[in-house]
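# Residue-level structural notes
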Amino acid sequence: MDKYLLFFDIDGTLLDNHEQVVPESAIEALHRAKENGHNIFLCTGRCKAIWPKEILDIGFDGMVGGCGTHIIYRDEELIHRMIPAEPAKEIAEDVMKYHIDGVLEGAVYTYFRPDPWIDNVVRIRKENSFYGKMAVQTIGSTDEYKYDKMALWFDESSDMASFRKKYEDRFDFIVRDPNFYEIVPKGFSKATGIQYICEYLGVSKEATFGFGDSKNDLPMLGFTHISVAMGDGNPEIFDSVDYVTDPVMKDGIKNALIKYGII
């Protein structure tokens, strides 16, 4: 049997967006894939501070986090690219200035406005608090910011146009929803992270699989040799993948791994 590198998004792929659990069928399938000699990786927009313990406990061989800004293989940190200190502070101030909501994500800390108002952000802040109170910081409470990327929401009260104009020469603005950008330093993506892992391990791109559900997964799904979308993911990505599997809670991961002979 050929051995493959398998890359999995977290939210909406491993972790069901509604139930907020990883189905047992997926966990068992991933364990079987490892037993068969394949390497399994997280490939997520989430930064290390908010990688769920229950997912890490599955036993991944490595992680491509923060859309390629943080790469770990078997507990060895290979890359960690933080936003430099001065623009990091200025960006935080501009989030307040332009009345933008969201989270500045890092390996140790996540930073939120003192007054988050958009429902998704309020929920994320509450969830992040479970990772330990040190993981959640408030913009304005420090002059030293350490983070790798941003997830920013906005509404009619926000001036996102000015914020984007100021920073789009240094960052890629990934449209996740009409009022939600995932913002990553230029030169980094899930695809660049996978490419780095392939080169590090001396493995051909032809030995890679990618599993995702949303638009920020498109770089990964476009790079890997075989691309799989979850059946309850964003339909806009379905035409860009090799296979659309079943929804997360209907054994989507397990069924895709069976289809391709991984397990």
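Structure first, text after, so check above.
Described below are features of the structure shown in this document. (Residues numbered from 1 in each chain as written. Predicted model: local features only at pLDDT ≥ 70, side-chain atom pairs only at ≥ 80, totals over all residues. Heavy atoms only, no water.)

## Regarding the overall build of the protein
For clarity, the cut-off: In this description a helix means any DSSP run of H or I spanning at least four residues, a strand means any run of E spanning at least two, and both kinds are numbered starting from the N terminus. Here the globule rule reads 2.2 Å times residues to the power 0.38, and the radius of gyration is calculated from C-alpha atoms. Exposure is judged per residue with a 1.4 Å probe applied to protein chains only, and the accessible area is read against the type maximum: over 50% gives exposed, under 20% gives buried, and values in between give partly exposed. Note on contacts: a residue pair is in contact if any heavy atoms of the two residues lie within 4.5 Å. Shrake-Rupley sampling with a 1.4 Å probe provides the accessible areas, and residues are treated as covered by the protein chains on show and by no other component. The charged-residue count follows a simple rule in which Lys and Arg add positive charge and Asp and Glu add negative charge, with His and chain termini not counted at all. For the purpose of locating charges, the reference atoms are NZ of Lys, CZ of Arg, CG of Asp and CD of Glu.
Along its length, the protein carries eight helices and 14 strands. At 18 Å, the protein has a C-alpha radius of gyration in line with the 18 Å of a compact globule built from 263 residues. Per-residue burial for the protein yields a buried fraction of 52% across its 263 residues. Look at the contacts in the protein between residues 6 or more apart in sequence, and 60% of them connect residues 24 or more apart. Accessible surface, the protein as shown: approximately 11700 Å² in total, 48% of it carbon and sulfur. Separation between the mean location of the 29 positive side-chain charges and that of the 44 negative ones in the protein comes to 2 Å.

## Some words on the sheet that holds strand β3 (residues 62-65)
For the record, the criterion: The pairing criterion for strands is at least two bridges between them, as found by DSSP.
An order of β5-β4-β3-β2-β1-β12-β13-β14 is seen for the eight strands of this open sheet, with the pairing classed as mixed. Strand pairing shows two members of the sheet lacking a second neighbour, β5 (76-80) and β14 (243-244), which therefore form its edges. The pairing of β3 with strand β4 (residues 70-73) spans four bridges and is classified as antiparallel. Directly across from V64, in β4, lies its bridge partner I71.

## Re the layout of surface pockets
A water-sized probe, rolled over the atoms, reveals where empty space remains. Rules: Buriedness for pockets is judged along seven lines, at least five of which must meet protein on both sides within 12 Å for an open set on the 1 Å grid over protein atoms alone, while cavities are sets there where a 1.4 Å probe fits but cannot get out, and lining residues have an atom within 4 Å of a point. Grid points are joined across faces, edges and corners, and a volume is the space filled by probe spheres set on the points. Three residue categories are used. Nonpolar comprises Ala, Val, Leu, Ile, Met, Phe, Trp, Tyr, Cys and Pro, charged comprises Asp, Glu, Lys and Arg, and polar comprises the others, including Gly.
Here the largest pocket is characterised by a volume of approximately 1000 Å³. Every residue lining the largest pocket is counted, 39 residues in all, and those nearest its centre are D11, N17, R46, R123 and R176. Mapped onto the lining of the largest pocket, the elements with two or more residues apiece are β6 (101-105), α4 (119-129), β9 (149-153), β10 (171-177) and β11 (180-185). Looking at the lining of the largest pocket residue by residue, the class counts come to 11 nonpolar, 12 polar and 16 charged.

## Some thoughts on the pattern of salt bridges
Using the following cut-off: What counts as a salt bridge is simple: a side-chain nitrogen of Lys or Arg found within 4 Å of a carboxyl oxygen of Asp or Glu.
One pass over the structure, following the stated rule, counts 18 salt bridges. A salt bridge links E182 to K149; the nearest nitrogen and oxygen atoms lie 2.8 Å apart. Within this pair, whereas E182 is found in strand β11, its partner K149 is found in strand β9, the two being separated by 33 residues in sequence. Both residues of the pair, E182 and K149, belong to the buried class. Notably, a salt bridge pairs R170 with D169, separated by 3.9 Å at the nearest N-O pair. Residue classification places R170 among the partly exposed residues on the basis of a relative accessible area of 37%. For D169, a relative accessible area of 56% puts it in the exposed group. One network of salt bridges, in which partners are shared, links E105, K149, R176 and E182.

## As for the pairing of strand β13 (residues 226-229)
Which entries qualify depends on this criterion: Crossover handedness is defined here as right-handed if the route from the first strand over the helix to the second strand goes clockwise, with the strands pointing away from the viewer.
What you see with β13 is no split at all: I226 and V228 on one side and S227 and A229 on the other are buried throughout. Pairing analysis gives four bridges linking strand β12 (residues 208-212) to β13, with the strands arranged parallel. Paired with G212 across the two strands is A229, which belongs to β13. Handedness of the crossover joining β12 and β13 through helix α7 (residues 218-223) is recorded here as right-handed. Relative to β14, β13 is paired through two bridges, and the arrangement is parallel. Bridge pairing in β14 links V228 to Y243.

## A short note on the nonpolar core
This is how the line gets drawn: Residues belong to a common nonpolar core when they are buried Ala, Val, Leu, Ile, Met, Phe, Trp, Tyr or Cys residues joined through side-chain atoms within 4.5 Å.
With 30 residues, the main nonpolar core has L6, F8, I40, I55, F60, F211 and L257 as its most contacted residues. With five residues, the single largest contributor to this core is helix α1 (residues 24-35). Not counting the four nearest positions on each side in its chain, F211 is found in contact with L6, F7, F8, D9, T13, M220, L221, V228, I253, A256 and L257. Grouped together as the second largest cluster of nonpolar side chains are 22 residues, A88, V95, Y98 and M150 included.

## Concerning helix α3 (residues 85-97)
So the rule is basically this: What a helix is expected to span follows from its residue count: subtract one and scale by 1.5 Å. Directions drawn from the helix axis to the C-beta atoms are what define this arc.
The terminal C-alpha atoms of α3 lie 18 Å apart, and with 13 residues this matches the ideal 18 Å at 1.5 Å per residue to within 8%. Turning to α3, its buried residues are P87, A88, I91, A92, D94 and V95. Seen from one end, α3 has its buried residues packed into an arc of 165°, which puts them on one side. Away from the buried face of α3 by more than 90 degrees, exposed residues A85, E86 and K97 are located. Among the structural elements, β6, β9, α5 (160-167) and β10 are those in contact with the buried residues of α3.

## Considering the sheet that holds strand β7 (residues 110-112)
Put simply, the rule reads: Between N-to-C directions, angles span 0 to 180 degrees; the directions come from axes that are lines fitted to C-alpha atoms, helices contributing only their stretch in contact.
With mixed pairing, the six strands of this open sheet are ordered in space as β8-β7-β6-β9-β11-β10. Of all the strands in the sheet, the pair left with one neighbour each is β8 (136-138) and β10. Taking each pair of neighbouring strands and ignoring which way they run, the sheet shows an average axis angle of 20°. Direction of pairing for β6 relative to β7: antiparallel, over a ladder of three bridges. When the bridges of β7 are listed, L104 appears paired with Y111. Relative to β10, α5 is tilted by about 145°, and along the sheet it contacts β9, β10 and β11.

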